[in-house]
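Residue-level structural notes
Given next are the chains, with one letter for each unit.
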Number of protein chains: 2
Amino acid sequence: MPSVFTQIVEGKLPAYRVAETEEYLAFLDIRPLTRGHTLAIPKKEVDYLLDLEEPLYVGLWLFAREVARAIQAAIPCERVAFAVVGLEVPHAHIHLIPIRSMADLNFQNPRLQLSPEEFQATAAAIQAKLREFHPQKASS
Amino acid sequence: MPSVFTQIVEGKLPAYRVAETEEYLAFLDIRPLTRGHTLAIPKKEVDYLLDLEEPLYVGLWLFAREVARAIQAAIPCERVAFAVVGLEVPHAHIHLIPIRSMADLNFQNPRLQLSPEEFQATAAAIQAKLREFHPQKASS
């Protein structure tokens, strides 16, 4: 059974996509800690980040950085935090979380309830910055 | 005023070092969330991870991976989580935190109180795995 994320990559499950390349995809976390909380994944299904082959691992962190810069520009925040936990969906992923304080980076916090329109507007705002910074990588 | 981490790099402040290269240093967090909680930093003092120049950014994630693999082998845990928060010491750093559950990755949790002997034993255990995997990078 493919992971939930592979099903998103393949278009079998919906997602609010913000950036895509041949090897990587970024989309909004559907249970966000803060508005703009995004997941960056390799399309290849590998469970543990430490097990990614080196070029794919390096490329994922570079992709995540480009998406993080767009989030930083699009969403009012102090910093974009990076987190890899590895105990949720068994498909390596980096959480990119716009934060205003240490307290925002707590996976036990209640999750935001956003409407589809709010998710779409958030994805569009990040995409707009990505298009500005990296025209080839924004999801259309 | 150099950052606390620069003072550690320069040997002006003590630390339980676990790994070192020309450009990077890893040492135990003195206020650990779990035993084995380690910080990986570039020796160059740059505040925000997103501002590191690309080769230094990529190298830091590769260095962090080697240290994380050693932590995973040395410390009983499910996964080694990665976190970059960016609101503490203004010198970019990656938290490497051996976790057993999502609840372990919460910067508001009370910190462990370890004795110097416990810190030394933890650093030595991680160093031993690093020496096994990457003989040139373990701190002596």
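Above this text sits the structure in question.
The following refers to the structure shown. (Residues numbered from 1 in each chain as written. Chains lettered and ligands numbered in written order. Predicted model: local features only at pLDDT ≥ 70, side-chain atom pairs only at ≥ 80, totals over all residues. Heavy atoms only, no water.)

1. Thoughts on the interface of chain B and chain A
Put simply, the test is: Contacts: residue pairs with any heavy atoms within 4.5 Å of one another. Accessible area that two parts lose when put together, evaluated with a 1.4 Å probe and summed over both, is termed the buried area. Each salt bridge in this description consists of a side-chain nitrogen of Lys or Arg and a carboxyl oxygen of Asp or Glu lying within 4 Å of one another.
Counting residues at the interface gives 36 residues for chain B and 35 residues for chain A. Together chain B and chain A conceal approximately 3300 Å² of surface at their shared face, both sides included; 62% is due to carbon and sulfur atoms. Considering only the side of chain B, the residues that lose the most area to chain A are Leu 50, Arg 79 and Met 102 of chain B, jointly responsible for 22% of the buried surface there. Linking chain B to chain A there are two salt bridges. A salt bridge links Arg 79 of chain B to Asp 47 of chain A; the nearest nitrogen and oxygen atoms lie 2.9 Å apart.

2. Remarks on the packing of helix H2 (residues 54-74) of chain A against helix H3 (residues 116-133) of chain A
A pair of packed helices is characterised by two quantities: the angle between their axes and the separation of those axes. Residues and elements named next belong to chain A. Which entries qualify depends on this criterion: Axis lines are fitted through C-alpha atoms, for helices just across the contact stretch, and the angle between N-to-C directions can take any value from 0 to 180 degrees. Helix and strand assignments come from DSSP, with helices taken as H or I runs of at least 4 residues and strands as E runs of at least 2, each series counted from the N terminus. Throughout, the term roughly parallel applies to angles under 35 degrees, roughly antiparallel to angles over 145, roughly perpendicular to angles from 65 to 115, and oblique to all others. Crossings are assigned a handedness: left-handed for a near helix turned anticlockwise from the far helix by less than a right angle, right-handed for a clockwise turn. Here the term charged refers only to Asp, Glu, Lys and Arg, the term nonpolar to Ala, Val, Leu, Ile, Met, Phe, Trp, Tyr, Cys and Pro, and the term polar to all other amino acids, Gly among them.
The interhelical angle for the contact between H2 and H3, taken along N-to-C directions, is 120°, at an axis separation of 8 Å. Regarding the angle of H2 to H3, the classification is oblique. For the pair H2 and H3, the sense of crossing is right-handed. For the pair H2 and H3, contact is made by Glu 66, Val 67, Arg 69, Ala 70, Ile 71, Ala 73 and Ala 74 and by Ala 125, Ile 126, Lys 129, Leu 130 and Phe 133, respectively. Residue composition of the contact of H2 with H3, by class: nine nonpolar, no polar and three charged.

3. Quick look at H3 of chain A
Residue and element names in this part refer to chain A. Note the threshold: Take the residue count of a helix, subtract one, and multiply by 1.5 Å to get its expected span. Note on classification: 1.4 Å probe, protein chains only; a residue is buried when its accessible area is under 20% of the maximum for its type, exposed when over 50%, partly exposed between these limits. The arc in question is traced by the directions running from the helix axis to the C-beta atoms.
Relative to the 26 Å expected for 18 residues at 1.5 Å per residue, H3 spans 26 Å between its end C-alpha atoms, a close match to the ideal helical length. Residues Phe 119, Thr 122, Ala 123, Ile 126, Gln 127 and Leu 130 constitute the buried set of H3. Burial along H3 is one-sided: seen end-on, the buried residues are contained in an arc of 130°. Opposite the packed face of H3, turned more than 90 degrees from it, sit the exposed residues Glu 117 and Glu 132. On its buried face, H3 sits against strand S1 (17-20), strand S2 (24-28), strand S3 (38-42) and H2.

4. Details of the side chain of His 37 of chain A
All names here are of chain A. How we decide: Side-chain atoms alone can form a polar contact between residues adjacent in sequence; in general such a contact is a pair of N or O atoms within 3.5 Å, and within protein one must be able to donate a hydrogen while the other accepts it.
Its place among the elements puts His 37 in the loop between S2 and S3. Taking relative accessible area as the criterion, His 37 reaches 1% and is therefore assigned buried. Within the local environment of His 37, its side chain forms a polar contact with the backbone nitrogen of Leu 33, the two atoms lying 2.9 Å apart. At 2.9 Å, the side chain of His 37 and the side chain of His 95 are in polar contact. Discounting chain neighbours no more than four positions away, the residues touching His 37 are Leu 28, Asp 29, Arg 31, Pro 32, His 95, Leu 96, Ile 97, Pro 98 and Arg 111.

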